[in-house]
Amino acid sequence: MTNPPTNPSPSRAAPPCHLVVMGVSGSGKSTLAAALAEELQLPMAEADEFHPEANIAKMAAQTPLTDEDRWPWLRALRDWMSEQAQTGSVITCSALRRSYRDLLDTAEGRVIFLHVDVDVPRLSTRLAHRSGHFMPPELLESQLQTLEPLDPEEDGVRLPNDTTIEDLLSAARGWLSSTRDAAASADAAPFTDHSTDWKNS
Ligand SMILES: Nc1ncnc2c1ncn2[C@@H]1O[C@H](COP(=O)(O)OP(=O)(O)OP(=O)(O)O)[C@@H](O)[C@H]1O
Ligand SMILES: O=C(O)[C@H](O)[C@@H](O)[C@H](O)[C@H](O)CO
């Protein structure tokens, strides 16, 4: 994870937001989250960094995590998000079930879910070509079975990642701009954008 920016903009007036980049293993969460954190100059954390060693060992041994394995991990992540309430944050977290997202949503500040979604053949290919990651492709089936897509009343959006990473980033920018504009017109912009103009970049 990275530390909060040391020189946050003094003009930051809008309520900060937490962007939870969610989805199954290998969907592209880290790729998107890193790009957004850089553009928005927000602190970023990878949920994998919050797993106890026992969880990592379990997954590496091709055993899916249970709810009981996940609750303490999700609470630790939620607490980190609350610590970033002054700036907002970007985090990667599978957040597969609605109940997991509801827990994360108790962090201080607005919590937005960006669901990175990839069709299964592409996902399998990308995972097969990935190396140096503890998560085995054999757990993909369990990830897909556990995944509960965003409900309409949840604060967030599904972003397909079936083409290029640039397309994914562009879709995320577009949706975040529109939700920012909607919130601004209700006098509650969701976050301060530090890039020059990310709508047109
Ligand atoms: N649009 C894309 N086109 C091609 N490759 C992609 C695309 N998006 C992601 N990838 C690749 O797919 C792999 C998985 O991406 P990434 O690590 O970002 O996923 P993740 O959801 O963070 O995975 P995990 O949860 O298992 O850590 C990486 O090798 C990444 O470079
Ligand atoms: O809820 C889970 O089962 C875990 O978060 C997994 O999704 C992995 O940690 C991650 O995908 C690997 O990077």
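Since the structure is predicted, the reported quantities are computational estimates derived from the model, not experimental observations.

S.K.: Help me understand the site of ligand 1, please; the structure alone is not making it clear to me.
M.R.: Among the 17 residues in the neighbourhood of ligand 1, the closest are listed as S25, G28, K29, S30 and T31. Contributions of two or more residues to the shell around ligand 1 are made by α1 (29–40) and α7 (165–185). Among the elements that take part in the shell around ligand 1, α1 stands out by supplying 3 residues, more than any other. A class-by-class count of the residues in the shell around ligand 1 yields 3 nonpolar, 11 polar and 3 charged.

S.K.: Is there a simple way to think about the environment of A76 in this case?
M.R.: Note that A76 resides in helix α3 (residues 67–83). Separated by 65 residues in sequence, A76 and E141 place their C-alpha atoms 26 Å apart.

S.K.: For this particular structure, what's the right way to read unusual backbone geometry?
M.R.: The phi dihedral of Q62 is positive, around 70°, even though this residue is not glycine. Counting through the fold element by element, Q62 comes out in the loop between α2 (53–60) and α3. Q62 gets classed as exposed once you count the C-beta atoms within 10 Å, which come to 12. Of note, A95 is a non-glycine position whose phi angle comes to about 45°, a positive value. One can find A95 in the loop between β3 (89–92) and α4 (98–104).

S.K.: Even after reading the chapter, I still don't get the site of ligand 2, so can you show me in this structure?
M.R.: Around ligand 2 sit S25, A47, D48, L65, R70, S94, L96, M135 and Q143, and that is every residue in its neighbourhood. Across the shell around ligand 2, the residue classes tally to 4 nonpolar, 3 polar and 2 charged.

S.K.: Any chance you could explain the nonpolar core here in plain terms?
M.R.: Side chains of a nonpolar character, in soluble globular proteins, are inclined to be buried together. Core analysis: the biggest nonpolar cluster contains 36 residues, and V20, V21, L32, V90, I91, L104 and L114 have the highest contact counts within it. At the level of secondary structure, the elements contributing two or more residues to this core comprise β1 (17–22), α1, β2 (44–46), α3, β3, α4, β4 (110–117) and α7. In this structure V21 touches K29, L32, A33, V90, I91, T92, L114 and V116, once residues within four positions along its chain are discounted.

S.K.: Whenever I open this one, the environment of A54 confuses me. Can you help?
M.R.: Locating A54 in the fold gives a position in helix α2. Taking the C-beta count within 10 Å as the criterion, A54 has 10 such neighbours and is therefore assigned exposed. Sequence separation between A54 and M81 is 27 residues; the distance between their C-alpha atoms is 23 Å.

S.K.: Looking at this structure, how should I read α1?
M.R.: An α-helix turns once per 3.6 residues; consequently, residues spaced three or four apart project the same way. The first and last C-alpha atoms of α1 sit 16 Å apart over 12 residues, in line with the 16 Å expected at 1.5 Å per residue. Among all positions of α1, only K29, L32, A33, L36, A37 and L40 are buried. Each buried residue of α1 sits inside an arc of 130° when the element is viewed along its axis, so together they form one side. Elements in contact with the buried residues of α1: β1, β2, β3, β4 and α7. Remark: Q41 follows α1 within two positions and exhibits a positive phi of approximately 50°.

S.K.: It is not clear to me how α7 should be interpreted in this structure. Could you clarify?
M.R.: Taking 1.5 Å of rise per residue, the 21 residues of α7 would be expected to cover 30 Å, and the 30 Å separating its terminal C-alpha atoms lies within 8% of that figure. Looking at α7, one finds that the buried residues are L168, L169, A172 and L176. Along α7, the residues classed as buried sweep out an arc of 90° about the axis, all on the same side. Residues of α7 that are exposed and angled more than 90 degrees away from the buried face: E166, S178, A182 and S185. Contacts made by the buried residues of α7 are with α1, β4 and β5 (156–160).

Rules used throughout
- Residues numbered from 1 in each chain as written.
- Chains lettered and ligands numbered in written order.
- Predicted model: local features only at pLDDT ≥ 70, side-chain atom pairs only at ≥ 80, totals over all residues.
- Near = placed C-beta within 6 Å.
- Helix = DSSP H or I, 4+ residues; strand = E, 2+ residues; numbered from the N terminus.
- Nonpolar A, V, L, I, M, F, W, Y, C, P; charged D, E, K, R; others polar.
- Buried ≥ 20, exposed ≤ 12 C-beta atoms within 10 Å, placed from the backbone.
- Core = buried A, V, L, I, M, F, W, Y, C linked by C-beta atoms within 7 Å.
- Contact = placed C-beta atoms within 7 Å.
- Expected span 1.5 Å × (residues − 1).
- Arc of directions from axis to C-beta.

Geometric descriptors of this kind do not, in isolation, establish any biological role.
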